[in-house]
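For reference, the chains in residue letters:
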Number of protein chains: 2
Amino acid sequence: MVFENPVVKEIVEKYRVVWALNHAMGLMGWDSETYMPRAGVQERALARAELSVLSQKLLLRDELVSLVEKAKGLEGLNDYEAGLIRVLDREISIMKKLPPEHVYEFSRVTQEAFEAWRKAREKDDFEIFKPYLEKIVELARKTAEYLGYEEHPYNALLDLYEEGLRIRDMDAVYNAIIPWSRKVLDKVLEEGYFPQNHELEKVKYERGPMERVNKEVLDLLGYPWDRARLDVSPHPFTISLGIRDVRITTRYEGVDFRNTIYSVVHEFGHALYELQIDEALMATPLATGVSMGVHESQSRFWENIIGRSRAFIRHLKPILDKHLDFTRKYDEEELYKYVNIVRPSLIRVEADEVTYNFHTYLRYELEKQLIAGEIKVDDLPELWSDYMEKLLGVRPKSHKEGVLQDVHWSHGSIGYFPTYTLGNVLAAQVRAVADRELGGLYKRVAEGDFASIREFLREKIHKYGSTYPPKKLVEKATGEPVNPEYFNKYLQEKFLSKSI
Amino acid sequence: MVFENPVVKEIVEKYRVVWALNHAMGLMGWDSETYMPRAGVQERALARAELSVLSQKLLLRDELVSLVEKAKGLEGLNDYEAGLIRVLDREISIMKKLPPEHVYEFSRVTQEAFEAWRKAREKDDFEIFKPYLEKIVELARKTAEYLGYEEHPYNALLDLYEEGLRIRDMDAVYNAIIPWSRKVLDKVLEEGYFPQNHELEKVKYERGPMERVNKEVLDLLGYPWDRARLDVSPHPFTISLGIRDVRITTRYEGVDFRNTIYSVVHEFGHALYELQIDEALMATPLATGVSMGVHESQSRFWENIIGRSRAFIRHLKPILDKHLDFTRKYDEEELYKYVNIVRPSLIRVEADEVTYNFHTYLRYELEKQLIAGEIKVDDLPELWSDYMEKLLGVRPKSHKEGVLQDVHWSHGSIGYFPTYTLGNVLAAQVRAVADRELGGLYKRVAEGDFASIREFLREKIHKYGSTYPPKKLVEKATGEPVNPEYFNKYLQEKFLSKSI
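Reading the values: rules and limits
- Once a new chain begins, its residue numbering starts again from 1 and follows that chain's sequence as written.
- Working convention: letters from A go to chains and numbers from 1 go to ligands, in the order in which they are written.
- In keeping with the model being predicted, local features are shown solely for residues with a pLDDT of at least 70 and side-chain atom pairs are shown and tallied solely at 80 or more, while totals for entire chains, interfaces and linings include all residues.
- With hydrogens and water excluded, all non-hydrogen atoms of the structure serve as input to the side-chain values.
- Per the convention used, a helix needs a DSSP run of H or I reaching at least four residues, while a strand needs a run of E reaching at least two, with both numbered from the N terminus.
- Our radius of gyration looks at C-alpha atoms and nothing else; its globule reference is 2.2 Å times the residue count to the power 0.38.
- Only protein chains enter the accessibility calculation, which uses a 1.4 Å probe; a residue is then buried when its area is under 20% of its type maximum, exposed when over 50%, and partly exposed in between.
- Note on contacts: a residue pair qualifies if any of its non-hydrogen atoms lie within 4.5 Å across the two residues.
- Exposure was quantified through the Shrake-Rupley algorithm and a 1.4 Å probe, taking into account, for residues, occlusion by the shown protein chains and nothing else.
- One bridge is not enough; two strands pair if DSSP finds at least two bridges between them.
- Angles run from 0 to 180 degrees between N-to-C directions of axes, and those axes are lines fitted to C-alpha atoms, restricted for helices to the stretch in contact.
- By definition, a salt bridge exists where a carboxyl oxygen of Asp or Glu is found within 4 Å of a side-chain nitrogen of Lys or Arg.
- Under the rule applied, a polar contact is a pair of N or O atoms within 3.5 Å (in protein, one hydrogen donor and one hydrogen acceptor; residues adjacent in sequence only if both atoms are side-chain atoms).
- Classification used: nonpolar for Ala, Val, Leu, Ile, Met, Phe, Trp, Tyr, Cys and Pro, charged for Asp, Glu, Lys and Arg, polar for all others including Gly.
- Expected helix span is taken as 1.5 Å per residue step, with the number of steps being one fewer than the number of residues.
- Bend angle per residue: angle between axes fitted to the 7 residues ending at that residue and the 7 residues starting there.
- The copies are overlaid by a least-squares fit using only the C-alpha atoms of residues whose pLDDT is at least 70 in both copies.
- To sort the angles, those under 35 degrees are grouped as roughly parallel, those over 145 as roughly antiparallel, those from 65 to 115 as roughly perpendicular, and the leftovers as oblique.
- Each crossing gets its hand from how the near helix is turned against the far one by less than a right angle, where anticlockwise is left-handed and clockwise is right-handed.
- Here the bounds of each domain stem from an automatic or database domain assignment.
- Note on definitions: buried area is the accessible-area loss of two parts on being combined, 1.4 Å probe, summed for both.
- We define a nonpolar core as any set of buried Ala, Val, Leu, Ile, Met, Phe, Trp, Tyr and Cys residues linked to one another through side-chain atoms lying within 4.5 Å.

### Notes on the overall build of chain A
Secondary structure assignment for chain A yields 20 helices and 3 strands. Computed over its C-alpha atoms, the radius of gyration of chain A comes to 22 Å, within 12% of the 23 Å expected for a compact globule of 500 residues. Counting only C-alpha atoms, chain A reaches 65 × 50 × 45 Å along its principal axes. Across the 500 residues in chain A, those meeting the buried criterion constitute 63%. Pairs at least 24 residues apart make up 74% of the contacts formed inside chain A by residues separated by at least 6 positions. Working note: accessible area of chain A is about 18800 Å², and carbon and sulfur atoms make up 49% of it.

### Side note on the sheet that holds strand β1 (residues 228-232) of chain B
Residue and element names in this part refer to chain B. Read from one edge of the open sheet, 3 strands run β1-β3-β2, paired in mixed fashion. Edge positions in the open sheet fall to β1 and β2 (238-242), since each of these has one partner strand only. Between one strand axis and the next, the sheet turns by 20° as a mean value, whatever way the strands run. Note that β2 and strand β3 (residues 245-250) share 4 bridges and pair antiparallel. Residue pairing for β3: Ile239 is matched across the bridge by Arg247.

### Observations regarding the interface of chain B and chain A
Taken residue by residue, the interface counts 39 residues in chain B and 39 residues in chain A. Inspection of the chain B/chain A interface yields 4 salt bridges. Across the pair Arg247 of chain A and Asp31 of chain B runs a salt bridge, and its minimum N-O distance is 2.8 Å. Scanning the region where chain B abuts chain A turns up 18 residue pairs in polar contact (both at pLDDT 80 or more). For the side of chain B that touches chain A, the elements supplying multiple residues, two or more each, are α1 (6-34), α2 (41-59), β1, β2 and β3 of chain B. Tallying contributions element by element places α1 of chain B first for the side of chain B that touches chain A, with 11 residues. The class makeup of the residues in the side of chain B that touches chain A is 23 nonpolar, 4 polar and 12 charged.

### Structural notes on the environment of Phe450 of chain A
Residues and elements named next belong to chain A. Secondary-structure assignment places Phe450 in helix α18 (residues 450-460). Measuring from C-alpha to C-alpha, the distance between Phe450 and Arg168 comes to 36 Å, with 282 residues separating the pair along the chain. In this view, Phe450 contacts Leu220, Leu221, Trp302, Ile306, Phe312, His315 and Val445; residues no more than four positions away in its chain are not counted.

### Some details on helix α12 (residues 310-323) of chain A
All names here are of chain A. Given a rise of 1.5 Å per residue, 14 residues ought to cover 20 Å, and the 20 Å separating the end C-alpha atoms of α12 matches this to within 8%. By the largest-angle criterion, Leu316 marks the main kink of α12, which is about 30°, and a proline, Pro318, follows within four residues. Inspection of α12 places Arg310, Ala311, Phe312, Ile313, His315, Leu316, Lys317, Ile319, Leu320 and Asp321 among the buried residues, and these make up the whole buried set. Those residues of α12 that are buried are in contact with α9 (207-221), α10 (258-275), α11 (292-306), α13 (332-339), α17 (441-447) and α18.

### A closer look at the side chain of Arg251 of chain A
Residues and elements named next belong to chain A. Mapping Arg251 onto the fold places it in the loop between β3 (245-250) and α10. Among the polar contacts made by the side chain of Arg251, one reaches the main-chain carbonyl oxygen of Pro234 at a distance of 2.9 Å. Filtering out sequence-adjacent residues up to four positions away, Arg251 remains in contact with Tyr205, Val232, Ser233, Pro234, His235, Pro236, Thr260 and Val349.

### Some words on the relation of the copies chain B and chain A
By a simple turn and slide, chain B fits onto chain A: the slide is 0.0 Å along the axis, the RMSD is 0.0 Å, and the turn is 180°. One copy is carried onto the other by what is essentially a two-fold rotation axis. If distances are taken from each C-alpha of chain B to the rotation axis, the shortest is found for Ala24 of chain B, at 2.9 Å. By residue overlap, the copies meet face to face through one surface: 100% of the interface positions of chain B are interface positions in chain A.

### A look at the environment of Gly479 of chain A
Relative to the elements of secondary structure, Gly479 of chain A occurs in the loop between α19 (470-478) and α20 (485-496). With 398 residues separating them in the primary sequence, Gly479 of chain A and Glu81 of chain A have C-alpha atoms 23 Å apart.

### As for the packing of helix α8 (residues 167-191) of chain B against helix α14 (residues 356-371) of chain B
Residues and elements named next belong to chain B. Contact geometry of α8 with α14 gives a least axis separation of 11 Å together with a crossing angle of 140°. The angle between the axes of α8 and α14 places the two elements in the oblique class. Relative to α14, the crossing made by α8 is left-handed. Here Ile167, Met170, Asp171, Tyr174, Ile177, Ile178, Ser181 and Arg182 of α8 come into contact with α14, specifically with Asn357, Phe358, Thr360, Tyr361, Tyr364 and Lys368. Classifying every residue of the contact of α8 with α14 gives 8 nonpolar, 3 polar and 3 charged.

### Some points on the sheet that holds strand β2 (residues 238-242) of chain A
Residue and element names in this part refer to chain A. If you walk across this open sheet you meet the 3 strands as β1-β3-β2, and the pairing is mixed. Of all strands in the sheet, those bounded by a partner on one side alone are β1 (228-232) and β2. Put simply, the sheet's adjacent strands are angled 20° from each other on average, direction ignored. On top of the sheet, α10 reaches β1, β2 and β3; it is set at about 165° to β3, its chief contact.

### So, the domain arrangement of chain A
All names here are of chain A. As assigned here, chain A comprises domain 1 (6-161) and domain 2 (167-496). Summarising the inter-unit geometry, the C-alpha centres of domain 1 and domain 2 are found 25 Å apart. Approximately 4600 Å² of surface area, both sides summed, lies buried where domain 1 meets domain 2, with 67% of it carried by carbon and sulfur atoms. At the level of elements, α1 (6-34), α4 (79-97), α5 (100-123), α6 (126-147) and α7 (153-161) are the ones that each hand at least two residues to the side of domain 1 that touches domain 2. With 10 residues, the top contributor of residues to the side of domain 1 that touches domain 2 is α1. Residues that form the side of domain 1 that touches domain 2 fall into these classes: 26 nonpolar, 7 polar and 14 charged.

### Quick word on the nonpolar core
One finds Phe301 and Trp302 of chain A together with Phe301 and Trp302 of chain B to be the most contacted residues of the largest nonpolar core, which totals 344 residues. Non-local contacts of Trp302 of chain A, meaning those with residues more than four positions away in its chain, are made with Leu221, Val265, Phe268, Gly269, Leu272, Gly307, Phe450, Ile453, Arg454 and Leu457 of chain A. Core analysis: the next-biggest nonpolar cluster, separate from the first, contains 6 residues, Ile94, Leu98, Val103 and Leu147 of chain A among them.

### Brief notes about the pattern of salt bridges
Under the counting rule described, the total for this entry stands at 111 salt bridges over all chains. One salt bridge connects Lys460 of chain A with Glu437 of chain A, and the closest N-O pair in it is separated by 3.1 Å. You can see Lys460 of chain A sitting in helix α18 and its partner Glu437 of chain A sitting in helix α16 (residues 417-437), a full 23 residues away along the chain. The exposure class assigned to Lys460 of chain A is partly exposed, which follows from its relative accessible area of 21%. Residue classification places Glu437 of chain A among the partly exposed positions, given a relative accessible area of 44%. The closest approach of N and O atoms between Arg395 of chain B and Glu389 of chain B, which form a salt bridge, is 2.7 Å. What makes Arg395 of chain B partly exposed here is its relative accessible area of 32%. Here the salt bridges share partners, and the residues they tie into one network are Arg86, Arg90, Asp159, Glu163 and Arg166 of chain A.

Right, here's the structure in full:
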């Protein structure tokens with residue numbers, strides 16, 4: 001038994017209804033993006049807003065809060081027990097600070113904002129989304145004020161997605177990787193080994209065969225279909241409704257097939273984290289990945305470090321050749337180049353490993369200034385374009401390619417983007433450990449021994465759920481704090497030495 | 001505005017969170033039957049049990065209960081306001097009487113029982129399901145005791161599904177229709193015009209084309225796809241997650257195609273009821289069909305009275321011929337006969353209009369005796385078979401064809417089956433009014449003017465949601481109380497005069 005202390009056990013009992021409500025709301029979120037009839041949005045928004053407030057109320061029940069207070073004074077708790085108290089205390093203290101009206105308003109506005117963003121993007125009209133984004137920035141600023149912060153209100157928002165993350169941490173990461181990424185990019189563009197374009201990008205595909213490809217890729221990686229699903233949504237995502245019910249999505253755009261395949265491999269990484277949490281933590285606050293950054297390290301590990309390696313392409317090629325008629329004439333090396341196109345581009349989700357972090361860096365800088373009130377929503381499109389040009393030398397010709405490309409702000413997620421880069425950096429750091437402990441990561445990949453890799457991740461990271469705070473988990477799993485040098489070293493090996 | 005009284009308006013506000021939770025639980029139910037990964041059942045059951053109890057607690061909040069008490073004394077309420085208070089008072093008084101432990105236990109047991117029933121049915125082994133059914137009967141008996149009743153504990157259960165329904169009502173219905181149905185059946189079997197078998201029953205079909213048939217049938221009837229869905233589940237059902245989000249399911253067995261088509265038409269009838277409720281009632285206790293019997297009258301009206309008529313077959317035939325390759329050689333009359341096979345049979349859901357009510361009658365009689373403690377679960381398989389033989393002259397050769405055929409008991413639904421027959425009877429009664437007011441129902445069907453029929457039902461029944469209690473709604477819509485003679489007259493016209 002992981003929970004033995006009677007106070008902790010009582011907390012687990014009393015928390016379960018909050019878990020159940022989160023389970024229900026998770027399902028509502030999944031359904032909204034996958035199967036809900038379009039006209040259902042009004043009633044869904046209403047329900048979501050009501051249940052957000054209810055969830056907060058249930059978490060702040062006196063009987064639960066006082067037990068957590070009591071447990072904070074206890075000595076001799078095991079790691080799971082201490083983790084559970086830490087996580088709940090954190091959740092409670094966040095929720096205590098946010099007035100229910102604020103939570104309700106946030107839920108209501110973001111549901112409407114999502115629809116507005118969808119329309120705005122469709123029509124490439126920023127004005128449709130602008131009033132909602134203004135409202136969201138205002139709400140985010142309020143959130144920061146309610147939560148309190150040191151130095152900068154953005155710190156309060158970063159902490160929401162990544163416990164303990166501060167501007168100084170992210171500045172250190174970006175300062176370490178952005179200049180080096182720029183150098184690598186210049187070198188890659190100069191050498192031309194990794195192409196900037198590939199004719200396979202233009203090839204159209206049918207949805208049916210591509211669904212079979214994705215299914216077989218997931219089979220290869222060891223996706224447990226009795227506990228997991230793959231569906232279709234406008235934006236790929238992963239959601240855990242429980243350790244035994246994890247769902248990923250992808251989209252089929254009909255062209256440039258690497259996008260759907262790598263979104264699936266990416267989401268598989270997220271899903272595996274949730275699926276491999278110790279079942280003893282089921283229905284507790286620990287039964288979920290600890291933070292966005294650590295989560296993203298898992299998806300990036302599978303998508304990029306494994307998925308875009310030569311060793312993986314060897315497994316991918318026969319699957320492609322079996323179901324598609326247009327890949328057979330390309331050899332492995334050519335497919336490798338296709339999935340490793342490197343070019344300065346406008347769309348974050350399509351960016352390669354070298355340029356990806358420029359995209360989050362741009363958002364990170366804009367978000368900091370938005371929250372500090374240094375820039376206005378009205379100025380965003382122009383600032384975005386200017387910054388893009390400065391960073392990567394390309395300029396959006398439409399809002400779709402610029403400020404309207406991401407769903408995140410419409411969800412109210414401000415402070416989220418930098419965790420993508422933290423994930424990239426952590427993935428490279430985990431890779432170094434995997435390489436050492438598995439006797440060569442790419443040897444395992446080449447052998448198709450994904451079970452060993454899954455097991456390694458389970459033991460190092462997944463099984464703990466949210467037991468350890470992210471910074472501690474990173475040290476425990478890799479033997480040191482976040483160290484962006486592993487990422488730089490990885491870029492060097494892959495894009496300059498070309499050895500991966 | 002339908003709600004103007006300030007007390008009622010406050011009740012609507014305070015009730016909304018209960019509605020939101022029911023919305024979430026409805027979605028969980030839908031998902032469990034359609035897309036949930038099999039292994040997710042454990043966490044889903046846990047969540048469902050927690051939220052059942054929570055829903056009860058929220059309904060019984062002092063602030064809500066005292067407002068409802070206050071409202072009961074108010075004069076001059078309009079029909080909607082009075083209806084809202086009636087429905088909430090009824091819900092509250094039911095929930096007040098049921099201890100939360102009982103609600104939790106019921107939810108937990110039925111989720112497990114459903115899985116057990118599924119296994120038992122698969123293996124044709126009653127013993128697997130028996131302990132769960134015993135538990136469920138015990139819980140149902142307790143429910144009756146908690147709720148209180150006059151004359152017979154079964155009355156308390158009937159009332160749960162059909163407000164105001166009593167054994168004496170159902171006895172009157174069965175006494176009126178069973179002997180006449182028997183006479184009609186003998187006559188039909190003797191005449192042989194309606195066949196007992198048809199070669200189309202044996203024809204296998206592909207799922208793809210049949211999905212297109214079902215979609216086109218729903219298009220024909222006017223199914224609003226932006227507010228509604230069609231999915232696949234082991235047992236067809238309808239669920240309303242809101243007036244703008246209603247979902248039906250069907251199943252594809254690969255043979256005897258009338259089953260899937262008529263399940264779709266049946267569920268369309270249920271869905272239309274929910275979709276046509278006045279949107280002013282959105283997110284209130286009135287935003288749902290008033291009772292199981294009235295609901296079933298709507299599904300039966302579309303499935304049987306419209307769907308199995310000659311006028312409807314004229315529209316169905318071109319749809320079939322377009323998508324299937326095996327219907328072209330049969331003329332309309334032959335298709336009419338195929339969808340109107342009449343024979344004494346073992347499976348309720350496959351029973352025809354003449355024999356269907358014998359099946360519910362059998363369950364009704366057994367349930368009454370189970371709840372009264374006059375018979376034991378252990379004796380059910382034998383009693384079932386004997387009774388079946390007595391009623392229709394056929395005897396199940398397996399539990400699948402007998403006592404294990406229905407999902408309802410595993411859901412804890414005891415007292416539900418008779419509402420199917422009430423629905424059949426009411427459908428015939430509504431038909432008489434429709435015939436009069438639409439200038440001939442089958443004339444409209446022949447013209448493909450389903451819009452007028454939908455409008456008729458909206459105005460007579462649907463738009464009110466749960467505003468009027470079922471008995472009152474029936475009188476309001478049809479001008480008289482439930483009158484089984486309309487059903488007998490319908491059987492006469494269709495199966496003896498052969499004029500429908």
